[in-house]
Amino acid sequence: MPLYEFHCGACGPFDAWRTLAEAGAPMACPACGGDAERRFSPPILGLPSPRTQRRIEQATAPRLVSRARSEAPPKGPTSRSVRGRPWQISG
């Protein structure tokens, strides 16, 4: 059963649990008994957990990692020779 938000002209907003069949019908205000109209309130979906929210708030820009340039390129094979079909698993 969903929770809907209603607004009474005299008392202000209040929430009430109603079935989907009763969703469009006006509701009596619990304080004064007058008619209250339903207000649209968007659903809150996918809120992050407090831990995730804290990590998001404390996030900083990533560190830039640089390496010292060596004068000579590394020696040895840089690519591997593949015999046959490279997508085929050899057994």
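Look up: the structure comes first, before these words.
Because the structure is predicted, anything quoted here is derived from the model rather than measured.

A few points about the nonpolar core
Counting residues in each nonpolar core, the largest one holds 8 residues, listed as Y4, F6, C8, F14, A16, A23, C29 and A36. Where this core is concerned, the elements lending two or more residues are β1 (3-8) and β2 (12-17). For this core, the element with the most residues is β1, which contributes 3 residues. Setting aside anything within four residues of it in sequence, one finds A16 in contact with P2, L3, Y4, F6 and M27.

Side note on the sheet that holds strand β4 (residues 35-39)
Each strand in a sheet pairs with its neighbour through backbone hydrogen bonds, running either in the same direction (parallel) or in the opposite one (antiparallel). Overall, antiparallel pairing links the 4 strands, which are arranged β2-β1-β4-β3 in an open sheet. Edge positions in the sheet fall to β2 and β3 (27-28), since each has one partner strand and no second. Judged from the 6 bridges that link them, β1 and β2 form a sheet pairing that is antiparallel. Its bridge partner lying in β2, F6 is registered against F14.

Brief notes about the environment of L3
Note that L3 resides in strand β1. The exposure class of L3 is partly exposed, given its relative accessible area of 43%. The spatial distance from the C-alpha of L3 to the C-alpha of D15 is 6.6 Å, given a sequence separation of 12 residues. With residues near it in sequence (within four places) discarded, L3 still touches D15, A16 and W17.

Observations concerning the pairing of β1
Only one face of β1 is buried, namely the one carrying Y4, F6 and C8, since none of L3, E5 and H7 on the opposite face is buried. Counted along the chain from β1 to the antiparallel partner β2, the turn is 3 residues long. Pairing between β1 and β4: 4 bridges, direction antiparallel. Across the sheet, the residue bridging to E5 is R39, located in β4.

Let's talk about a nonpolar patch on the surface
A cluster of nonpolar side chains, namely M1, L3 and W17, defines an oily patch on the protein surface of about 390 Å² accessible area. Within the secondary structure, W17 sits in strand β2.

Some details on the side chain of R18
Examined against the element boundaries, R18 turns out to sit in the loop between β2 and β3. Residue classification places R18 among the buried positions, given a relative accessible area of 10%. Reaching out from R18, the side chain makes a polar contact with the backbone oxygen of A25 at a distance of 2.9 Å.

Basis of the calculations
- Residues numbered from 1 in each chain as written.
- Predicted model: local features only at pLDDT ≥ 70, side-chain atom pairs only at ≥ 80, totals over all residues.
- Heavy atoms only, no water.
- Core = buried A, V, L, I, M, F, W, Y, C linked by side-chain atoms within 4.5 Å.
- Buried < 20%, exposed > 50% of the residue type's maximum accessible area, 1.4 Å probe, protein only.
- Helix = DSSP H or I, 4+ residues; strand = E, 2+ residues; numbered from the N terminus.
- Contact = heavy atoms within 4.5 Å.
- Pairing = 2+ DSSP bridges.
- Patch = residues over 30% accessible without salt bridge, like charges linked within 9 Å, V, L, I, M, F, W, Y side chains within 5 Å.
- Areas by Shrake-Rupley, 256 points an atom, 1.4 Å probe, with all protein chains shown as cover.
- Salt bridge = Lys/Arg side-chain N within 4 Å of Asp/Glu carboxyl O.
- Polar contact = N/O pair within 3.5 Å; in protein donor to acceptor, adjacent residues only side chain to side chain.

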